[in-house]
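What follows is each chain in one-letter form.
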Amino acid sequence: MKKKERKLNLNRRNFLASTASIAGLAATASVVPISISNANHKDGEKGLPEFISWKDRDALIVHSDKGIETHRSAIGESLITPNRNVYIRNNMPTMTDDQIGDRNNWKVSIEGVKNPKTFTLAQLKKLGHTTMATILQCSGNGRGFFEHKVRGSQWKTGAAACVFWTGVPMKVVVEACGGVNASAVFMTSAGVDHEPTGLDPKKAMVERSVPKVVFKDAMLAWEMNGVPLPNAHGGPLRMVTPGYFGINNVKHLGKVAFTEKESSVKYMKKSYRISPIGKKGSQYPSCWEMPVKSWITRPTDETGTVRAGKVQIVGVAMGGTKKVRSVKVSVDGGKSWKRAKFIGPDLGKYAWRQFAFEANLKSGTYNIASLASNGSKKQPELRMENRRGYAHNGWKDHSVNITVV
Amino acid sequence: MKILRFLLIILFYFIISIQKTIADEKKMLKGLEIFNETAACAGCHTMKAAGADGNVGPNLDTVDLTIESVIDMVTYGLGVMPAYGEDGILTKEEIEIVSNYVVNSAGK
């Protein structure tokens, strides 16, 4: 009660101070200070929130302290996205070291198997070991291109990264538990990052169900790009569901259950549903498999004007749950296309490929686009309109305009 | 006479201004009350002007806000954030009041 009174009084003082100064300038002026604060980037070291002060500020666009995007030109210069450049999208606050405690003693329970068990991280590390590159991409990556007013971070291309995970294959964990129950239809992973908030788990718990078959390629990861999985990315243990949107790669993992039904929490039933504009509900598809997609990372409007002559157009391409097979590039807004070369190593079907295309450009302005195919599907020209701006893979919106001088 | 009329006009606008000041102040205080108590926005958001230090949702002092975007977000919710309008937790008037309060207090 005391706190409320103090805050009311404090605010009242601030408010009255503002109104007094304005009233002093003009008797007829409106009293409310209307200017909207552009206080972005001021909270932590280098303008980043404290929990990710170790990241590269110059590589990042801060939408909020819970939504931080990688600059288009900060992706793709190397095949793997360094941790300091990887985007942040958190539904719950990142758990702190104090909340996590001894990382090796972190526990995850495995249910819906013949012999349900709880493993500590130390036990998991003895159980099996593998490394895999996958793409982490927010379901709403590309939302910023939608023209209807979509709530949520206005990501363009940078809610995506290609990273190396190290951990234990889910298949090995399942075998250690005697196999999956025959009646199971889904693999349902739950985080525990809602627990410190004290919020209702039905509304706050990030629990995601994916088709059971995903477990065959999934892993429980404790390292990201060669370092212990940072808390900000779900450490000490995270579910990795290759080819599936980021939300299914549950952070701060506490439970994996093989279930007959999808989870009934809000993040499964209501959120992350791809529905028509103006409609919503659990009858619409969940954000599961990522579609085939590509975008140019250089040159872009961020990299400045380009000198006439030979220009290296580079970018990244992904096939979703299938291997990306080809990428074509257009320098005339999609009127004509030529095949680009894949460059760098192939890290498997769940990683993206870098591509390069050498163009000879005279001075002028160009619209440059890329179009990827995974053999059975290719990127559409236009976005699939949907209420929450999910799963955008249309090539047109992802094209870039450059000036050649 | 002209001077008297001029002074009366000034006085008239001054009184109107004072009345508006009081009305706006009441709305801001009501907004603060909704933010901290009725809707408990403070439980999940940080906003220094309200003494709020929640860390579930975005820090409101660090995001660009418009009155339209805040009203929309409060009305329809997002993720763990309740749909205060759709679910009838707040009236339309309360949503406008708290949204105005947030837009005019965030980052201050």
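Residues numbered from 1 in each chain as written. Chains lettered and ligands numbered in written order. Predicted model: local features only at pLDDT ≥ 70, side-chain atom pairs only at ≥ 80, totals over all residues.

### A short note on the overall build of chain B
Then step 1. Helix and strand counts for chain B come out as three helices and two strands.
Then step 2. Each helix and strand of chain B, ordered N terminal to C terminal, gives the series α-β-β-α-α.
Then step 3. Reported as C-alpha extents along the three principal axes, the dimensions of chain B are approximately 65 × 25 × 20 Å. (Helix = DSSP H or I, 4+ residues; strand = E, 2+ residues; numbered from the N terminus.)

### Brief notes about the overall build of chain A
Then step 1. Tallying secondary structure elements over chain A gives six helices and 21 strands in all.
Then step 2. For chain A, buried positions account for 49% of its 405 residues.
Then step 3. In chain A, of all internal contacts separated by at least 6 residues, the share reaching a separation of at least 24 is 69%. (Buried ≥ 20, exposed ≤ 12 C-beta atoms within 10 Å, placed from the backbone. Contact = placed C-beta atoms within 7 Å.)

### Section: the confidence of the model for chain B
Residues and elements named next belong to chain B.
Then step 1. Averaged over all residues, the pLDDT of chain B is 90; the fraction at 70 or higher stands at 98%.
Then step 2. Mean pLDDT values over the elements of chain B span from 82, in helix 1 (residues 2-38), up to 97, in helix 3 (residues 92-105).
Then step 3. In the predicted assembly, ipTM is 0.80 and pTM is 0.87. (pLDDT = per-residue confidence, 0-100.)

### Let's talk about unusual backbone geometry
Residues and elements named next belong to chain A.
Then step 1. A cis amide bond, omega 5°, links Gly235 with the succeeding residue Pro236.
Then step 2. Here Pro236 shows up in the loop between strand 11 (227-228) and strand 12 (238-240).
Then step 3. Here Arg298 and Pro299 are connected by a cis peptide whose omega angle stands at -5°.
Then step 4. Within the secondary structure, Pro299 is located in the loop between strand 14 (293-298) and strand 15 (309-318).

### What about the sheet that holds strand 13 (residues 253-259) of chain A?
Residues and elements named next belong to chain A.
Then step 1. The mixed open sheet is built from five strands, whose spatial order is 5-4-13-8-9. The two strands at the open ends of the sheet, each matched to only one other strand, are strand 5 (117-120) and strand 9 (207-211). Ignoring which end each strand starts from, the neighbouring axes of this sheet average 15° apart.
Then step 2. Two strands pair when backbone bridges link them, and strand 4 (residues 107-111) and strand 13 are joined in this way by three bridges, in the parallel orientation. (Pairing = 2+ DSSP bridges. Axes fitted to C-alpha atoms, helices over the stretch in contact; angles between N-to-C directions.)

### Here's the deal with the packing of helix 2 (residues 67-76) of chain B against helix 3 of chain B
All names here are of chain B.
Then step 1. Remark: helix 2 packs on helix 3, axes separated minimally by 9 Å, with the N-to-C direction vectors making an angle of 130°. As the angle between them shows, helix 2 and helix 3 are arranged oblique. Between helix 2 and helix 3 lies a crossing of right-handed hand. Mapping the contact onto sequence places Ile67, Val70, Ile71, Val74 and Thr75 in helix 2 and Ile95, Glu96, Val98, Ser99, Asn100, Val102 and Val103 in helix 3.
Then step 2. A per-class count over the contact of helix 2 with helix 3 returns eight nonpolar, three polar and one charged. (Parallel < 35°, antiparallel > 145°, perpendicular 65-115°, else oblique. Left-handed = near helix turned anticlockwise from the far one by under 90°. Nonpolar A, V, L, I, M, F, W, Y, C, P; charged D, E, K, R; others polar.)

### Quick notes on the sheet that holds strand 14 of chain A
Residue and element names in this part refer to chain A.
Then step 1. Pairing is antiparallel in the open sheet, where four strands are placed in the order 14-15-19-18. A strand with exactly one partner marks an edge of an open sheet, and here the two such strands are strand 14 and strand 18 (341-343). In this sheet, adjacent strand axes meet at a mean angle of 40° when their direction is disregarded.
Then step 2. Bridge count for strand 18 against strand 19 (residues 353-361) is three bridges, and the pairing is antiparallel.

### Observations concerning helix 2 of chain B
Residues and elements named next belong to chain B.
Then step 1. Every buried residue of helix 2 is listed here: Val70, Met73 and Val74. Burial along helix 2 is one-sided: seen end-on, the buried residues are contained in an arc of 95°.
Then step 2. For helix 2, the secondary structure elements touched by its buried residues are helix 3.
Then step 3. Directly after helix 2, the chain includes Gly77, whose backbone phi takes a positive value near 70°. (Arc of directions from axis to C-beta.)

### Some details on the environment of Met205 of chain A
Residue and element names in this part refer to chain A.
Then step 1. As for its placement among the helices and strands, Met205 is situated in the loop between helix 5 (201-204) and strand 9.
Then step 2. Along the backbone, Met205 and Met268 are 63 residues apart, and their C-alpha atoms lie at a distance of 9.6 Å.
Then step 3. Not counting residues within four places of it along the chain, the set of residues in contact with Met205 comprises Ala190, Gly191, His194 and Val265.

### Here's the deal with the pairing of strand 9 of chain A
Residues and elements named next belong to chain A.
Then step 1. Across the five residues that make up strand 9, a large majority, four, are buried.
Then step 2. Relative to strand 9, strand 8 (residues 186-191) runs antiparallel, the two being bridged by five bridges. Following the sheet pairing, Phe186 is matched in strand 9 by Pro211.

### A short note on helix 3 of chain B
For an α-helix, the turn length of 3.6 residues means that residues three or four places apart are oriented alike.
All names here are of chain B.
Then step 1. For helix 3, spanning 14 residues, the distance from its first C-alpha to its last is 20 Å, which sits close to the expected 20 Å at 1.5 Å a residue.
Then step 2. Of all 14 residues in helix 3, ten are buried; the element is thus mostly enclosed.
Then step 3. Listed in full, the buried residues belonging to helix 3 are Ile95, Ile97, Val98, Ser99, Asn100, Tyr101, Val102, Val103, Asn104 and Ser105.
Then step 4. Directly beyond the C-terminal end of helix 3, a positive phi value near 80° is found at Gly107. (Expected span 1.5 Å × (residues − 1).)

### Things to note about the nonpolar core
Then step 1. Membership of the largest hydrophobic core comes to 129 residues, with the highest contact counts inside it found for Ile135, Met219, Leu220 and Ile368 of chain A together with Val102 of chain B.
Then step 2. Those residues in contact with Ile368 of chain A that lie beyond four places of it in its chain are Ile296, Ile313, Val329, Ser330, Val331, Ser399, Val400 and Ile402 of chain A. (Core = buried A, V, L, I, M, F, W, Y, C linked by C-beta atoms within 7 Å.)

### Considering the environment of Ser330 of chain A
Then step 1. The topology assignment puts Ser330 of chain A in strand 16 (residues 326-330).
Then step 2. The contacts of Ser330 of chain A, once residues within four sequence positions are left out, are Lys335, Ser336, Trp337, Ile368 and Ala369 of chain A.

### With respect to the pairing of strand 15 of chain A
All names here are of chain A.
Then step 1. Of all the ten residues making up strand 15, seven are buried; the element is thus mostly covered by neighbouring parts of the structure.
Then step 2. Pairing between strand 14 and strand 15: five bridges, direction antiparallel. Residue pairing across strands places Lys293 opposite Met318, the latter belonging to strand 15.
Then step 3. In the sheet, strand 15 pairs with strand 19 via nine bridges, with the strands oriented antiparallel. Along strand 19, the bridge assignment pairs Gln312 with Glu358.

### Describing the environment of Asn85 of chain A
Residues and elements named next belong to chain A.
Then step 1. Residue position: Asn85 is located in the loop between strand 2 (67-70) and strand 3 (88-89).
Then step 2. Note on Asn85: 20 C-beta atoms within 10 Å, which makes it buried.
Then step 3. Residues Asn85 and Trp337 lie 252 residues apart in sequence; the distance between their C-alpha atoms is 31 Å.
Then step 4. Apart from residues no more than four positions distant in its own chain, Asn85 is found in contact with Asp56, Ala59, Thr70 and Ala74.

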